[in-house]
Amino acid sequence: MNTYSFRKDLLAVQEELLRFAYKLTADREEANDLLQETSLKALDNEDKFEPDTNFKGWMYTIMRNIFINNYRKIVREQTFVDQTDNLYHLSMPQDSGFASTEGSYDLKEMHRIVNSLPRDYKVPFSMHVSGFKYREIAERLGLPLGTVKSRIFFTRQKLQEELRDFA
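This one's a predicted model, so the numbers in the text were calculated from it and none came from an experiment. (Residues numbered from 1 in each chain as written. Predicted model: local features only at pLDDT ≥ 70, side-chain atom pairs only at ≥ 80, totals over all residues. Heavy atoms only, no water.)

1. Some points on the overall build of the protein
- Along its length, the protein carries 9 helices and 0 strands.
- If you list the helices and strands of the protein from N to C, you get α-α-α-α-α-α-α-α-α.
- For the protein, buried positions account for 28% of its 167 residues.
- Long-range pairs, those at least 24 residues apart, make up 59% of the contacts in the protein between residues at least 6 apart in sequence.
- Accessible area for the protein stands at about 11500 Å²; split by element, carbon and sulfur atoms hold 50% of it. (Helix = DSSP H or I, 4+ residues; strand = E, 2+ residues; numbered from the N terminus. Buried < 20%, exposed > 50% of the residue type's maximum accessible area, 1.4 Å probe, protein only. Contact = heavy atoms within 4.5 Å. Areas by Shrake-Rupley, 256 points an atom, 1.4 Å probe, with all protein chains shown as cover.)

Next comes the structure, spelled out in structure tokens:
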């Protein structure tokens, strides 16, 4: 495909791409930015397009991938990981039962059990309790997903075992 034909096809799909971008972003300005970024990426990668293939599909794929990458980047930038040793109480909701004596004692016991574990088990469990997904924990700690799941499972089992005697 020569450059003139490529650019002509690119201009022909702009209106449809803008509608698709608006569906993805639900914001006119962001849709325009996404369309512009997609067009620039397509022009930069013109040599990678195979003639006699679906040009519109190729453009939609570029746009969708850019949108997903931008979304992931925003999520990563907004995620904060507290590196303190004692994440358990920092992540507790306000109505966690600290006001009642029984609840306080249970939480103290749970806290003691979790803190008695090695750091390799304590940190993933604390992150999981505070709402992180397994995959996010694995990425943050640089561990395989299976390792994170097994460490959290082991910590839960240890808690159940120790609290069985407590109850």
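2. Regarding helix H4 (residues 55-78)
- Its 24 residues give H4 an end-to-end C-alpha distance of 35 Å, which sits within 8% of 34 Å, the value for a rise of 1.5 Å per residue.
- Of all the positions in H4, only Phe55, Met59, Ile62, Met63 and Ile66 are classed as buried.
- Elements that come into contact with the buried residues of H4 comprise helix H1 (3-12), helix H2 (14-25) and helix H3 (28-44). (Expected span 1.5 Å × (residues − 1).)

3. Regarding the pattern of salt bridges
- If you walk through the whole model with that rule in mind, you get 3 salt bridges.
- The residue Arg19 makes a salt bridge to Glu15 at a minimum N-O spacing of 3.3 Å. You can see Arg19 and its partner Glu15 sitting in helix H2, 4 residues apart, about one turn around the helix.
- Residue Glu15 is classed as exposed on the basis of its relative accessible area, which comes to 58%.
- The closest approach of N and O atoms between Glu162 and Lys158, which form a salt bridge, is 3.5 Å. Of this pair, Glu162 and Lys158 both sit in helix H9 (residues 145-166), separated by 4 residues, roughly a single helical turn. (Salt bridge = Lys/Arg side-chain N within 4 Å of Asp/Glu carboxyl O.)

4. A short note on the side chain of Gln14
- Inspection of the secondary structure assignment puts Gln14 in helix H2.
- Classification of Gln14 by relative accessible area gives buried; the value is 19%.
- Every residue in contact with Gln14, bar those within four places of it in the chain, is listed here: Leu35 and Ser39.

5. Quick notes on a negative patch on the surface
- On the surface, Asp27, Glu29, Glu30, Asp33 and Glu37 cluster together into a patch of negative charge.
- Owing to a relative accessible area of 47%, Asp33 belongs among the partly exposed residues under this scheme. (Patch = residues over 30% accessible without salt bridge, like charges linked within 9 Å, V, L, I, M, F, W, Y side chains within 5 Å. Lys, Arg positive; Asp, Glu negative; His and termini not counted. Charge placed at Lys NZ, Arg CZ, Asp CG, Glu CD.)

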